[in-house]
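# Chains, contacts and geometry: an overview
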Amino acid sequence: QVQLVESGGGLVQAGGSLILSCAASGRIFRRYVVGWFRQAPGKEREFLVGMSWTGSSTSYADSVKGRFTISRDNAKNTVYLQMNSLRPDDTAVYYCAADFRVVVPGLTDHEYAYWGQGTQVTVSS
């Protein structure tokens, strides 16, 4: 069982940066693949990036490739999402997710069993 808590969201101007954190409970979190998703009002949840438990494998959605970077510190049970060059269409609730059943991070939300509560990111123009 893993519990995830996101933080770091807020209001930022277009072109700015934010770092989201996802703190996990559970002593075997280092064996979980992790992912970040977002959901804007009226839209479906969108995959952004996934990372294997070793960090050796990552997958990024085209919409964030080159602007967002995922990282994890297994010693701190924390996953990060560095977001640069933010745009108004990045406004959404951002979620971290985790799963222990796979080695390669999934690209869809049904491939992740554990979810945080989400953190709001608002990008103003």
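In what follows, the accompanying structure is described. Treat the numbers as computed from the prediction; the structure is a model and nothing was measured. (Residues numbered from 1 in each chain as written. Predicted model: local features only at pLDDT ≥ 70, side-chain atom pairs only at ≥ 80, totals over all residues. Heavy atoms only, no water.)

## Let's talk about the overall build of the protein
Counting its secondary structure elements, the protein contains 0 helices and 11 strands. Starting at the N terminus and walking to the C terminus, you meet the elements of the protein as β-β-β-β-β-β-β-β-β-β-β. Its C-alpha atoms give the protein a radius of gyration of 13 Å, near enough to 14 Å, the size a compact globule of 125 residues would have. By residue count, 43% of the 125 residues in the protein fall in the buried class. Sequence separation of at least 24 residues holds for 59% of the intrachain contacts in the protein that already meet a minimum separation of 6. (Helix = DSSP H or I, 4+ residues; strand = E, 2+ residues; numbered from the N terminus. Rg over C-alpha atoms; globule rule 2.2 N^0.38 Å. Buried < 20%, exposed > 50% of the residue type's maximum accessible area, 1.4 Å probe, protein only. Contact = heavy atoms within 4.5 Å.)

## A look at the state of the cysteines
One pass over the full model with this rule turns up 1 disulfide. The residue that forms a disulfide with Cys22 is Cys96, at a sulfur-sulfur distance of 2.0 Å. Classification of the bridge connecting Cys22 and Cys96 rests on its S-S torsion, roughly 55°, and on that basis the disulfide is right-handed. Note that Cys22 is positioned in strand β3 (residues 18–24) and Cys96 in strand β9 (residues 92–99), a separation of 74 residues in sequence. (Disulfide = S-S within 2.5 Å.)

## Let's talk about the sheet that holds β3
Taking strand neighbours across the sheet as the criterion, the 4 strands line up as β1-β3-β8-β7 in an open arrangement whose pairing is antiparallel. Among the strands making up the open sheet, the edge pair consists of β1 (4–7) and β7 (68–73). The sheet shows a mean angle of 15° between the axes of neighbouring strands, taken without regard to direction. Two strands pair when backbone bridges link them, and β3 and strand β8 (residues 78–83) are joined in this way by 6 bridges, in the antiparallel orientation. Paired with Cys22 across the two strands is Val79, which belongs to β8. (Pairing = 2+ DSSP bridges. Axes fitted to C-alpha atoms, helices over the stretch in contact; angles between N-to-C directions.)

## Topic: the side chain of Glu6
Position of Glu6 among the secondary structure elements: in strand β1. Here Glu6 is buried and forms no salt bridge, its nearest opposite-charge partner Arg45 lying at an N-O distance of 8.3 Å. A polar side-chain atom of Glu6 sits 2.8 Å from the main-chain amide nitrogen of Cys96. At 2.8 Å, the side chain of Glu6 and the backbone nitrogen of Gly118 are in polar contact. (Lys, Arg positive; Asp, Glu negative; His and termini not counted. Salt bridge = Lys/Arg side-chain N within 4 Å of Asp/Glu carboxyl O. Polar contact = N/O pair within 3.5 Å; in protein donor to acceptor, adjacent residues only side chain to side chain.)

## Structural notes on the nonpolar core
With 35 residues, the main nonpolar core has Leu4, Phe29, Trp36, Leu81, Met83 and Tyr94 as its most contacted residues. The set of elements that each furnish at least two residues to this core consists of β3, β4 (33–39), β5 (46–51), β7, β8, β9 and β11 (119–124). With 5 residues, the top contributor of residues to this core is β9. (Core = buried A, V, L, I, M, F, W, Y, C linked by side-chain atoms within 4.5 Å.)

## A few points about the side chain of Ser52
Tracing the chain through its elements places Ser52 in the loop between β5 and β6 (58–60). Ignoring anything within four residues of it in the chain, the contact list for Ser52 reads Tyr32, Val33, Ser57, Arg72, Val103 and Pro105.

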